[in-house]
Amino acid sequence: MRRCVAASRKAVLFGLVFAGVVGVGTAQAGEAAWTAPKCGAEPQAPAVKAGTVAQYNESVDRVTAYEKAARVYNACVAAQANREETAISQDASARIAHVHAGSAAVQSHIAASFQTLSANLAAAGRKLGHH
């Protein structure tokens with residue numbers, strides 16, 4: 001009886017975990033996939049028919065035409081993706097540089113403040129040491 005209860009608890013827990021994983025996947029799947037609109041529509045693979053020699057020969061011709069169109073389309077998509085990825089990378093680099101410059105300025109300001117405070121304390125200590 002205990003094994004049955006333990007097994008059902010595990011099943012419920014697994015179900016919750018599994019539902020959570022499915023929920024995560026569903027949320028991501030809801031996002032639109034990236035496309036390359038300048039490249040037009042992706043060529044559709046043809047159906048292969050081999051009922052007769054004539055159908056087979058036509059299929060070979062359609063597959064050959066598809067292969068050429070698919071290669072052209074793939075090259076266009078790869079080029080457009082490369083351009084967009086480069087633009088994103090350059091934008092990210094500029095944003096990172098801006099954040100880094102701000103952070104470095106704060107660190108420099110704090111270091112200068114500590115130097116000034118240390119010098120002032122040292123000077124005050126020497127002055128008070130004479131009395």
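About the thresholds
- Residues numbered from 1 in each chain as written.
- Predicted model: local features only at pLDDT ≥ 70, side-chain atom pairs only at ≥ 80, totals over all residues.
- Heavy atoms only, no water.
- Helix = DSSP H or I, 4+ residues; strand = E, 2+ residues; numbered from the N terminus.
- Buried < 20%, exposed > 50% of the residue type's maximum accessible area, 1.4 Å probe, protein only.
- Contact = heavy atoms within 4.5 Å.
- Areas by Shrake-Rupley, 256 points an atom, 1.4 Å probe, with all protein chains shown as cover.
- Expected span 1.5 Å × (residues − 1).
- Disulfide = S-S within 2.5 Å.
- pLDDT = per-residue confidence, 0-100.

Next up on the list: the overall build of the chain. Broken down by element type, the chain carries two helices and zero strands. Per-residue burial for the chain yields a buried fraction of 6% across its 131 residues. Within the chain, counting contacts between residues at least 6 apart in sequence, those at least 24 apart form 56% of the total. For the chain, the accessible surface area stands at approximately 11100 Å², while carbon and sulfur atoms represent 64% of it.

The next point concerns helix α2 (residues 53-129). With 77 residues, α2 should cover 114 Å at 1.5 Å per step; its first-to-last C-alpha distance of 109 Å lies within 8% of that length. Taken as a whole, α2 has its buried residues at Ser59, Tyr73, Val77, Gln80 and Ala81.

A separate point is the state of the cysteines. Evaluation of the coordinates by the stated rule reveals one disulfide. Paired through a disulfide, Cys39 and Cys76 show a sulfur-sulfur distance of 2.0 Å. Across the S-S bond linking Cys39 and Cys76, the dihedral sits near -90°, which makes this disulfide left-handed. Of this pair, Cys39 sits in the loop between α1 (2-29) and α2 while Cys76 sits in helix α2; the two residues are 37 residues apart in sequence, bridging distant segments of the chain. Judged by its relative accessible area of 15%, Cys39 falls in the buried class.

Tracing the backbone shows Gln80 in helix α2. Overall, Gln80 belongs to the buried group, its relative accessible area being 5%. Beyond its immediate stretch of four places on either side in the chain, Gln80 contacts Trp34, Ala36, Pro37, Lys38 and Cys39.

For the rest of this paragraph, the subject is the confidence of the model for the chain. Residue-level pLDDT values for the chain average 84, and 76% of them are 70 or greater. Note on residues 1-7: pLDDT is under 50 here. Beyond four places in sequence and across chains, it has zero contacts. Within the model, pLDDT remains below 50 along residues 9-27, and this stretch shows zero contacts once partners closer than five positions in the same chain are excluded.

Let us now look at the side chain of Ser59. For Ser59, the location among the structural elements is in helix α2. We classify Ser59 as buried; its relative accessible area is 2%. With residues near it in sequence (within four places) discarded, Ser59 still touches Ala47, Val48 and Lys49.

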